[in-house]
Amino acid sequence: MTRATTYASAGVDIDAANRATEKIKELARATFNARTLSEIGSFGGMFDGAFPEMRAPVLVASADGVGTKLKVAFATGIHNTVGRDLVNHCVNDILVQGARPLFFLDYIATGKLSPETVTSIIEGITNGCRENGCVLLGGETAEMPGFYSDGEYDIAGFIVGVVDREKIIDGRTIAPGDAVLGLPSVGLHTNGYSLARKLFFEVAQCAPDAYLGMLNETVGEALLRPHVSYLRALEGLLDRGLIKGLAHITGGGLTENVPRILPEGTAVEIQKGSWPVPAIFEVMQQIGNIAGPEMFRVFNMGVGMVIVCAEARASEIVSHIESCGEACYEIGRITPGDKLVHFV
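Our subject in this report is the structure included herewith. Since the structure is predicted, the reported quantities are computational estimates derived from the model, not experimental observations.

Regarding the overall build of the protein chain
Phase 1: When you go through the protein chain residue by residue, the secondary structure sums to eleven helices and twelve strands.
Phase 2: Scaling as 2.2 N^0.38, a compact globule of 344 residues should have a C-alpha radius of gyration of about 20 Å, and the protein chain matches this with 22 Å.
Phase 3: In terms of overall dimensions, the protein chain has C-alpha extents of about 80 × 55 × 35 Å along its principal axes.
Phase 4: Among the 344 residues that make up the protein chain, the fraction classed as buried is 49%.
Phase 5: For the protein chain, restricting intrachain contacts to residue pairs at least 6 apart in sequence, the fraction spanning at least 24 positions comes to 83%.
Phase 6: Carbon together with sulfur atoms contributes 51% to the accessible area of the protein chain, which is approximately 15700 Å² in total.
Phase 7: Within the protein chain, one finds 28 positive and 40 negative side-chain charges whose respective centroids are separated by 2 Å.

So this is what it looks like as structure tokens:
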């Protein structure tokens, strides 16, 4: 071989990665606070771990991805919302135990690194972090030629939060007669996209920019609606002992997620029609002739977070959430049973 072989000739552009990193540093600094002890680009992110206001601080961690919702981002060329999806999903996952987010780390992997695309993704991540009072402490951008199709990437997020041990929400005190409240979703959030894409793009043969009157927007816009964070709505309730249990309604829908917080000897009765279901779910059910139980097992069906509380405290919780400008609906009741969800 007469020509010198370089990393770039193998498909990895270090200079492009450096350009992306400089922009990432600029975006991440907007999320820093007084507890942030390191810069983006360090081998490890450092965060002040002193919690003098807590008697027994407990760290709560979670990791997740956005799944095949990314395929919609690829098809539309819109990359500045999936990062916010990632943050909000992770925030909600630790929120159900009463934890507030401290810091977040991201992982972005792609075949050929595009600084513009990576910057758009990080823009969404930093927007989500700022909205949730969370520091973007670090991350990794991996360029792996031949591993991903052109223009495609994957993202994952890692979050750490904290809760005082005596204020952990774990569902242990849930009992028959308790009220079940629902905080509304704005659509699919980050789950059910393999089926949703099949329905819209294969069965109905819609293009991402196809406008559907029932949705009052394009298919792409409906499918890219950002995953909602419920931290703001619940913030003022976490320390008051009013909430017995919280369930983030992700993959598996109400059917699979609510039982995760139920103690033995209890079940849930959900009253269908007690909350507004976004039109996108009706459209998908019609396109695929999908049975009701399958819809509730795959999709959130308009409920993004479930709250369980004593019936006597339900109105107080609803009033607080509504005072924050958010909606909240009483959707069911805890009953004696076998940790199952029954729809009536």
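So, next bit.
A short note on helix 9 (residues 279–288)
Phase 1: Along helix 9, the residues classified as buried are I280, F281, V283 and M284. Viewed along the axis of helix 9, the buried residues span an arc of 160 degrees, placing them on a single side of the element.
Phase 2: Turning to helix 9, the residues buried within the fold contact helix 5 (193–203), strand 6 (211–212), helix 6 (219–223) and helix 10 (292–298).
Phase 3: N289, located one to two residues past helix 9, shows a positive phi value of around 50 degrees.

Brief notes about the packing of aromatic side chains
Phase 1: Considering all chains together, one arrives at six aromatic pairs under this definition.
Phase 2: Geometrically, the ring pair formed by F47 and F103 is tilted, given 5.2 Å between the ring centres and 50 degrees between the ring planes. With F47 in the loop between helix 1 (14–29) and strand 1 (57–65) and F103 in strand 2 (residues 100–110), this residue pair connects regions lying 56 residues apart in the sequence. Taken as a pair, F47 and F103 share a single burial class, namely buried.
Phase 3: With centroids separated by 4.4 Å and ring planes inclined at 40 degrees, the aromatic side chains of F296 and F343 adopt a geometry described as tilted. Here F343 lies in strand 12 (residues 341–343) and F296 lies in helix 10, a separation of 47 residues in the sequence.
Phase 4: Counting every residue linked through ring pairs, the aromatic cluster contains W275, F296 and F343.

Remarks on empty space enclosed by the protein
Vacant regions in the atomic arrangement are exposed by a probe of water-molecule size rolled over the atoms.
Phase 1: All chains considered together, the criterion is met by one cavity of 30 Å³ or more.
Phase 2: The volume enclosed by the largest cavity comes to roughly 40 Å³.
Phase 3: L188, N191, I249, T250, F281, V298, F299 and N300 together form the lining of the largest cavity.
Phase 4: Partitioning the lining of the largest cavity into residue classes produces five nonpolar, three polar and no charged.

Here's the deal with the sheet that holds strand 4 (residues 153–164)
Phase 1: The strand order across the open sheet built from four strands is 1-4-2-3, with neighbouring strands paired in mixed fashion. In the strand order of this sheet, the two ends are held by strand 1 and strand 3 (135–143), each with one partner. For this sheet, the mean angle separating the axes of adjacent strands, direction not counted, is 15 degrees.
Phase 2: Note: strand 1 against strand 4, nine bridges, orientation antiparallel. Opposite L59, over in strand 4, you have V162 as the bridge partner.

Conventions and cut-offs
Residues numbered from 1 in each chain as written. Predicted model: local features only at pLDDT ≥ 70, side-chain atom pairs only at ≥ 80, totals over all residues. Heavy atoms only, no water. Helix = DSSP H or I, 4+ residues; strand = E, 2+ residues; numbered from the N terminus. Rg over C-alpha atoms; globule rule 2.2 N^0.38 Å. Buried < 20%, exposed > 50% of the residue type's maximum accessible area, 1.4 Å probe, protein only. Contact = heavy atoms within 4.5 Å. Areas by Shrake-Rupley, 256 points an atom, 1.4 Å probe, with all protein chains shown as cover. Lys, Arg positive; Asp, Glu negative; His and termini not counted. Charge placed at Lys NZ, Arg CZ, Asp CG, Glu CD. Arc of directions from axis to C-beta. Phe/Tyr/Trp six-rings, centres within 6.5 Å; stacked < 30°, edge-to-face > 60°. 1 Å grid on protein atoms, 1.4 Å probe; cavity = no way out; pocket = protein on both sides within 12 Å on 5 of 7 lines; lining within 4 Å. Points joined across faces, edges and corners; volume = space filled by probe spheres on them. Nonpolar A, V, L, I, M, F, W, Y, C, P; charged D, E, K, R; others polar. Pairing = 2+ DSSP bridges. Axes fitted to C-alpha atoms, helices over the stretch in contact; angles between N-to-C directions.

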